[in-house]
Amino acid sequence: MIVGVAECECMIYDAHSLKDKRAVLQRILTRLKQRFNVSVAEVDYQDVWQRTKIAIAVVTSTRVATEQELQNAFKLIDSFPEIERTITEIEWL
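(A) Highlighting the pattern of salt bridges. Overall, the coordinates contain six salt bridges when judged by the stated rule. With a closest N to O distance of 3.6 Å, E7 and K53 form a salt bridge. Here E7, found in strand 1 (residues 2-11), pairs with K53, found in strand 3 (residues 51-60); they are 46 residues apart in sequence, far enough to count as distant. For K53, a relative accessible area of 15% puts it in the buried group.

Dropping the structure here:
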């Protein structure tokens, strides 16, 4: 069993309130949960309008499968024009 945990710091430049930020995040987090075998949550900067940190956890039987799921999740995040992924760290457990 391989566990991969990714933390992605992101910027949401067009957010002018926490409501704007949460609207963008809700769409992204919901889509990630629906499409991929991942657990995902906002883990930092909850009170900042234009910045967020998203944690994504994946558990599979092989490191290759875990890496593929994480890469698919990153591609989905990057497909949203309103958010920019700035720093991504992956930890293997």
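(B) Region of interest: the environment of Q68. Residue position: Q68 is located in helix 2 (residues 63-78). Separated by 12 residues in the primary sequence, Q68 and F80 have C-alpha atoms spaced 19 Å apart.

(C) Structural context of the pairing of strand 1. As paired strands, strand 1 and strand 3 are joined by 10 bridges and run antiparallel to one another. Paired with E7 across the bridge in strand 3 is A55. Summarising the sheet, strand 1 and strand 4 (residues 84-92) pair through eight bridges and their orientation is antiparallel. Looking across to strand 4, one finds that A6 is bridged to I90.

Cut-offs applied
- Residues numbered from 1 in each chain as written.
- Predicted model: local features only at pLDDT ≥ 70, side-chain atom pairs only at ≥ 80, totals over all residues.
- Heavy atoms only, no water.
- Salt bridge = Lys/Arg side-chain N within 4 Å of Asp/Glu carboxyl O.
- Helix = DSSP H or I, 4+ residues; strand = E, 2+ residues; numbered from the N terminus.
- Buried < 20%, exposed > 50% of the residue type's maximum accessible area, 1.4 Å probe, protein only.
- Pairing = 2+ DSSP bridges.

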